[in-house]
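Report on the structure
Each chain is listed here by its residues.
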Amino acid sequence: MSKALVLSYWNVNQPATGGLRRIHALLGAIGPKQVILCQPSPAHPACETVPLAADFGRRKRGINWGLFNFFWPSNALLVRRTVRERKPALVVLTSIWAYFPIRDLRGVPVVLDAHDVLASAIAGRFGPRHPFTRIVAAWESRVARSVDHLFVCSGKDRERFLSRYGLAPERVTTVPNGVEISRYDAPAADVSAEVRRHLGDSTALFFMGKLTYEPNARALAFLNHVLLPELERRAPGRFRLVVTGGSVPARRMHPCALLAGTVSDAELAALIRRADICLSPVFSGGGTRLKILEYMAAGRPVVSTAKGAEGIEAVPGKHLVLAEAEGFADAVVRLAGAPSEAQAIGEAGRRLVAERYDWSAIRKGWQDVLGRWLERPAT
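The text that follows walks through the structure, step by step, so that each part is easy to find.

This next bit is on the overall build of the protein chain. What the protein chain contains, in helices and strands, is twelve helices and 13 strands. In summary, the protein chain has a C-alpha radius of gyration of 21 Å against a globular reference of 21 Å for 379 residues, a match within 12%. Considering only C-alpha atoms, the protein chain reaches an extent of 65 × 45 × 40 Å along its principal axes. Scored against the burial criterion, the 379 residues of the protein chain give a buried share of 55%. Of the contacts formed within the protein chain by residues at least 6 apart in sequence, a portion of 66% connects residues at least 24 apart.

Written as structure tokens, this is what we have:
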């Protein structure tokens, strides 16, 4: 059986973030028995695993140190030895930062699954002339032009890769982000007693996202310092917010906010279903926000910035409500006061996800291309 060597600088065993959920779906598309997964310890429960010798991602201060994992000599040698000894039919990169060990290898096809156009995302954060932006752009250009095929998660990202790096259109395939909509078909679990006490009979707002990721950290700051004070000024005691996604940041939060930290998939589904309105006030970054797809899959109405909804083929006013910073509170208040409209938007969003963004259908986009190199692609 032909196998694919998948390189991930993250450990993907617990797909708690959007990026990890995408990799989890990609592994399923290939088929766990056809995967050799090179990642930080511990080993994956379903895939043959080659654990990295060192994991810089354990360092949690400052930048994401994990992106240096495949640049470390012992890890790079491990990857090269695995390619030489196991002779995979294909190498799959889950990040441009996984390219370093195989940059000069010949005779094995390489594909990249890009979660965003990273250079564009970094430029949005630091500016196009920042030294780090230039480093990322140069490395992304080298990787994009070298791999045999490139997967992107939205039509907009495809256009950016084509124009930015001059790629041939046939080398780039869009495989959108998705969700397992069936997760929201099961009977709903209850939220914790702490959440019930916090929400009471208020209008429940919800936000999720890895809080150490800068666009999510900025969104949380907006919710804490701008949105909640304005909502409390307009309607004292009416709105309460629950936030989840990774470790709780050390900051003083508004009294109307509850930081729930890391939760299980079942707890996450319960929190989304309990929400009256789900939020995505994202102002930077790239790719597609899986949080919105999760909200929609649960049938919840969404208020998002345009950047937060980027890459999703949703019609404003039908599938979600778009608002920028200055009008975000207006949109939340208006939607909270129009329950019939909120319900219609939630139902339309769920139909959109069922038709276009369920992983069970999306995986075929990967399989159709990877079947060129893998003898028995997953079905």
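Moving on, there is more to tell.
This part covers the packing of aromatic side chains. Summed over the entire model, instances satisfying the criterion amount to 13 aromatic pairs. Ring geometry for tyrosine 9 and tryptophan 10: centres 4.2 Å apart, planes at 25 degrees, overall stacked. On the accessibility criterion, tyrosine 9 (9% relative accessible area) is buried. Note that arginine 103 overlies the ring of phenylalanine 100, its terminal NZ or CZ placed 3.8 Å from the centroid.

At their nearest, the axes of helix H10 (residues 328-336) and helix H11 (residues 339-356) sit 6 Å apart, and the two run at 105 degrees to each other. Classified by the interaxial angle, the pair formed by H10 and H11 is roughly perpendicular. Contacts between H10 and H11 involve Arg334, Leu335 and Ala336 from the former and Pro339, Glu341, Ala342 and Ile345 from the latter. Taken together, the residues of the contact of H10 with H11 break down into five nonpolar, no polar and two charged.

Looking at where aspartate 113 falls in the secondary structure, it is placed in strand E5 (residues 110-113). A relative accessible area of 1% means that aspartate 113 is categorised as buried. Only 2.8 Å separates the side chain of aspartate 113 from the side chain of arginine 22, close enough to count as a polar contact. Within the structure, aspartate 113 has its side chain in polar contact with the side chain of tryptophan 366 (distance 3.1 Å). If we skip the residues at most four places from it in the chain, aspartate 113 touches Arg22, Leu26, Leu93, Thr94, Ser95, Phe151 and Trp366.

On to the packing of helix H4 (residues 131-146) against helix H5 (residues 155-165), then. Across the interface, H4 lies against H5 with an axial gap of 11 Å and an inter-helix angle of 95 degrees. Classified by the interaxial angle, the pair formed by H4 and H5 is roughly perpendicular. Taken together, the residues of H5 that come into contact with H4 (itself represented by Ala137, Glu140, Ser141, Ala144 and Arg145) are Phe161, Arg164 and Tyr165. Residues belonging to the contact of H4 with H5 are distributed by class as follows: four nonpolar, one polar and three charged.

Turning to the nonpolar core, a few remarks are in order. Counting 88 residues, the largest nonpolar core has Phe206, Leu279 and Val303 as its most contacted members. Excluding its chain neighbours within four sequence positions, the residues that come into contact with phenylalanine 206 are Leu241, Val242, Thr244, Leu268, Leu271, Ile272, Ala275, Ile277, Cys278, Leu279 and Tyr295. In terms of nonpolar packing, the next biggest core, distinct from the first, is built from 40 residues, Val79, Trp97, Ala119 and Leu167 among them.

Turning next to H10. Within H10, the full set of buried residues consists of Phe328, Ala329, Ala331, Val332, Leu335 and Ala336. Seen end-on, H10 carries its buried residues on one side only, within an arc spanning 160 degrees.

What follows is about the sheet that holds strand E10 (residues 257-259). Within the open sheet, the six strands sit side by side as E10-E9-E8-E11-E12-E13. Their pairing is parallel. Each end of this open sheet is capped by a strand with a single partner; those strands are E10 and strand E13 (321-322). The sheet contacts of H10 involve strand E8 (203-208), strand E9 (239-244), strand E11 (277-280), strand E12 (302-304) and E13, and relative to E11 the element is tilted by about 165 degrees.

Take the environment of glutamine 343 next. Relative to the assigned elements, glutamine 343 resides in helix H11. Each C-alpha atom, one on glutamine 343 and one on aspartate 276, is 9.3 Å from the other, the two residues being 67 residues apart in sequence.

On to the pattern of salt bridges, then. A complete count under the given rule lists 20 salt bridges for this structure. Ionic pairing is found between aspartate 157 and arginine 160, a salt bridge with its closest N-O pair at 3.4 Å. Of this pair, aspartate 157 and arginine 160 both sit in helix H5, separated by three residues, roughly a single helical turn. When its relative accessible area of 2% is taken as the criterion, aspartate 157 is described as buried. Where glutamate 230 meets arginine 233, a salt bridge forms, and the shortest distance between an N and an O atom there is 2.6 Å.

Take the environment of alanine 323 next. With respect to the element layout, alanine 323 can be found in the loop between E13 and H10. A residue is classified by how much of its surface remains accessible, and alanine 323, at 9% relative accessible area, is buried. For alanine 323 and threonine 305, which are 18 residues apart along the polypeptide, the C-alpha to C-alpha distance reads 5.1 Å. Every residue in contact with alanine 323, bar those within four places of it in the chain, is listed here: Val303, Ser304, Thr305, Phe328 and Ala331.

With parallel pairing, seven strands are arranged side by side in an open sheet as E3-E2-E1-E4-E5-E6-E7. Of all strands in the sheet, those bounded by a partner on one side alone are strand E3 (48-51) and strand E7 (172-174). On average, each strand axis in the sheet is inclined to that of its neighbour by 20 degrees, with strand direction left out of account. Summarising the sheet, strand E6 (residues 149-152) and E7 pair through three bridges and their orientation is parallel. Directly across from phenylalanine 151, in E7, lies its bridge partner threonine 173.

The rules behind the values
Residues numbered from 1 in each chain as written. Predicted model: local features only at pLDDT ≥ 70, side-chain atom pairs only at ≥ 80, totals over all residues. Heavy atoms only, no water. Helix = DSSP H or I, 4+ residues; strand = E, 2+ residues; numbered from the N terminus. Rg over C-alpha atoms; globule rule 2.2 N^0.38 Å. Buried < 20%, exposed > 50% of the residue type's maximum accessible area, 1.4 Å probe, protein only. Contact = heavy atoms within 4.5 Å. Phe/Tyr/Trp six-rings, centres within 6.5 Å; stacked < 30°, edge-to-face > 60°. Lys NZ or Arg CZ within 6 Å of the ring centre and 35° of its normal. Axes fitted to C-alpha atoms, helices over the stretch in contact; angles between N-to-C directions. Parallel < 35°, antiparallel > 145°, perpendicular 65-115°, else oblique. Nonpolar A, V, L, I, M, F, W, Y, C, P; charged D, E, K, R; others polar. Polar contact = N/O pair within 3.5 Å; in protein donor to acceptor, adjacent residues only side chain to side chain. Core = buried A, V, L, I, M, F, W, Y, C linked by side-chain atoms within 4.5 Å. Arc of directions from axis to C-beta. Pairing = 2+ DSSP bridges. Salt bridge = Lys/Arg side-chain N within 4 Å of Asp/Glu carboxyl O.

Coordinates in, geometry out; function isn't part of it.
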